[in-house]
Amino acid sequence: MLRTLMETHPDRAASLRRHVEALEATISLEPQLCLHRVRTLFEAVHETIAPQLGIDLSDAIEFPTRNSRIIKALDFSVPNHPESGKINSAISKLLGSIDGTAAALAELSNIPNLRHGGSLDWGTLERQHAIMLGGLCDTLVAFLFDVAWSREAILIKSSTAKTYGDFQTFNDYLDDEYAPPLIAGSTFMPSKILFELDATLYDTARAEWLAEQQSPFSNDQEAVA
């Protein structure tokens, strides 16, 4: 479904390709790393869709909480149907299972040796687990992106809009990783260029960077809502 999404929204979903290909390779070759890839994709959903919906996630640290806010903000009603409201309510109930999925992913992430930490002698996730996690991620992430991108973007109030300066640590990381281009005698910062020209790729890269900061040696525990 994610590959179909990239074909349907080529202008917006192109930056997802490297994450999807990485997930597919992980399922086949390194199933023990699948949980990390799945978490990264869900975090990309949060960072990409939230600004479009006008949702401020700055106070929501827990993974399940962020996921829940995204779902509650989406409109699942069917236009021009007399029972549109009921349809929206029923689909929202169905998607309640996504909140349970997010909570379970956070819980799995806190178990040593499943995403970070642990002993080399301990068992870890195997291919059947990776196939299940990958399939789950493919379905849910593609659905959330497709619903969000199929509705008209709403304007974000200036009080909640995120600016380039809000992510200085990540910006510094990008500027250290990539050489600043020289154009017509002027030098430009890579992070600023990416932020201004491709907000979706910027948010996706930042979500992946944040996930990498938590692994493989972080011992911080996440609260499971």
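What this report covers is the structure whose coordinates are included nearby. (Residues numbered from 1 in each chain as written. Predicted model: local features only at pLDDT ≥ 70, side-chain atom pairs only at ≥ 80, totals over all residues. Heavy atoms only, no water.)

## Here's the deal with helix α10 (residues 190-197)
Now for step 1: By the burial criterion, the buried members of α10 are Pro190, Ser191 and Leu194. One side of α10 carries all its buried residues, which in axial view fall inside an arc of 100 degrees. (Buried < 20%, exposed > 50% of the residue type's maximum accessible area, 1.4 Å probe, protein only. Helix = DSSP H or I, 4+ residues; strand = E, 2+ residues; numbered from the N terminus. Arc of directions from axis to C-beta.)

## Things to note about the nonpolar core
Now for step 1: Counting residues in each nonpolar core, the largest one holds 39 residues, and the members touching the most others are Leu16, Val38, Phe42, Ile49, Leu74, Val141 and Phe145.
Now for step 2: Those elements that provide at least two residues to this core are α1 (2-8), α3 (17-29), α4 (34-53), α5 (63-73) and α8 (127-150).
Now for step 3: In terms of residue count, the dominant contributor to this core is α8 (11 residues).
Now for step 4: Apart from residues no more than four positions distant in its own chain, Leu16 is found in contact with Leu5, Met6, Leu41, Phe145 and Trp149. (Core = buried A, V, L, I, M, F, W, Y, C linked by side-chain atoms within 4.5 Å. Contact = heavy atoms within 4.5 Å.)

## Brief notes about the side chain of Thr48
Now for step 1: On the secondary structure map, Thr48 appears in helix α4.
Now for step 2: Here Thr48 falls in the buried class, since its relative accessible area comes to 9%.
Now for step 3: Those residues in contact with Thr48 that lie beyond four places of it in its chain are Phe145, Trp149, Thr200, Asp203 and Thr204.

## Some remarks on the pattern of salt bridges
Now for step 1: Going through the model one piece at a time under the given rule, you end up with four salt bridges.
Now for step 2: Close ionic contact of Lys86 with Glu83 constitutes a salt bridge, the shortest N to O distance being 3.6 Å.
Now for step 3: Lys86 sits in the exposed class, given a relative accessible area of 61%.
Now for step 4: Using a relative accessible area of 37% as the deciding quantity, one classes Glu83 as partly exposed.
Now for step 5: Lys192 is paired through a salt bridge with Glu196; the nearest N and O atoms lie 3.1 Å apart. (Salt bridge = Lys/Arg side-chain N within 4 Å of Asp/Glu carboxyl O.)

## Focus on α4
At 3.6 residues per turn, the α-helix brings residues three or four places apart onto the same side.
Now for step 1: Here α4 contains 20 residues, and its C-alpha end-to-end distance of 29 Å stays within 8% of the 28 Å for a straight helix at 1.5 Å per residue.
Now for step 2: Following α4 by one or two positions, Gly54 has its phi on the positive side, about 75 degrees. (Expected span 1.5 Å × (residues − 1).)

## Looking at the side chain of Thr26
Now for step 1: When you line up the elements, Thr26 lands in helix α3.
Now for step 2: Leave out the neighbours within four places in its chain, and Thr26 touches Pro31, Leu33, Cys34 and Arg37.

## Some remarks on the packing of helix α9 (residues 168-177) against α10
Now for step 1: Running from N to C, α9 and α10 point in directions that differ by 115 degrees, and their axes come no closer than 7 Å. Residue-level contacts link Asn171, Leu174 and Asp175 of α9 to Pro190, Ser191 and Leu194 of α10.
Now for step 2: When the residues that make up the contact of α9 with α10 are grouped by side-chain class, the tally is three nonpolar, two polar and one charged. (Axes fitted to C-alpha atoms, helices over the stretch in contact; angles between N-to-C directions. Nonpolar A, V, L, I, M, F, W, Y, C, P; charged D, E, K, R; others polar.)

By themselves, these observations are geometric and do not establish any function.
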